[in-house]
Amino acid sequence: KAMAFTVQKGVGICSGHGTKHTSGSQSWCVCFDCWQGGECDQPSNPCFAVAMGGDPMVFEDYWVQHNAQVEVDSGFKLGYMLESGTARDPFVQLTQTLKSLHSMVGNIDTTDTHFVFGCGGTHLLAA
């Protein structure tokens, strides 16, 4: 079962350096980069800008405001240079391992389930 929670952002919330997440009677701050502490009121040093990666947080205001579900055609932008579907395809091996693990633990029914792999939120949103 998915956990339902609300997100608040703005001046005075988490010292203006994060978002407040609330679920039931519990709430917590999720700090933006370069901030830390229970109320995101302490700068984290050193702090570096990473120019080689994407950060989907740039779209956070939109997603929080619209609480939208995203659907993308399954064939959109296929084109990984792998021997897809063969034993040399690392995603086939990883998928088999994950399904086996979840079957052994018994926490998820993976029948007719597909896994989407990516490196960070930007890649997974694009997938």
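Because the structure is predicted, anything quoted here is derived from the model rather than measured.

Participant: What is the right way to look at the overall build of the protein chain in this model?
Facilitator: For the protein chain, the count of helices and strands is 3 helices and 5 strands. Reading the helices (α) and strands (β) of the protein chain from amino to carboxyl end gives β-β-β-β-β-α-α-α. Contacts in the protein chain between residues at least 24 apart in sequence constitute 18% of all its contacts with a sequence separation of at least 6. For the protein chain, the accessible surface area stands at approximately 10,500 Å², while carbon and sulfur atoms represent 57% of it.

Participant: Just to check I follow, could you spell out helix 2 (residues 90-105) for this structure?
Facilitator: Because an α-helix packs 3.6 residues into every turn, residues spaced three or four apart end up facing the same way. Over its 16 residues, helix 2 extends 22 Å from the first C-alpha to the last, a length consistent with the 22 Å expected when each residue adds 1.5 Å. With its phi angle positive at about 80°, glycine 106 sits one or two positions after the end of helix 2.

Participant: What's the story with the state of the cysteines in this structure? I'm lost.
Facilitator: Applying the stated criterion across every chain, the model contains 3 disulfides. Covalently, cysteine 31 is tied to cysteine 40 through a disulfide, its sulfur atoms 2.2 Å apart. In this structure the cystine formed by cysteine 31 and cysteine 40 twists about its S-S bond by roughly -95°; its chirality is therefore left-handed. Taking the relative accessible area as the measure of exposure, cysteine 40 reaches 0% and is therefore buried.

The rules we used
- Residues numbered from 1 in each chain as written.
- Predicted model: local features only at pLDDT ≥ 70, side-chain atom pairs only at ≥ 80, totals over all residues.
- Heavy atoms only, no water.
- Helix = DSSP H or I, 4+ residues; strand = E, 2+ residues; numbered from the N terminus.
- Contact = heavy atoms within 4.5 Å.
- Areas by Shrake-Rupley, 256 points an atom, 1.4 Å probe, with all protein chains shown as cover.
- Expected span 1.5 Å × (residues − 1).
- Disulfide = S-S within 2.5 Å.
- Buried < 20%, exposed > 50% of the residue type's maximum accessible area, 1.4 Å probe, protein only.

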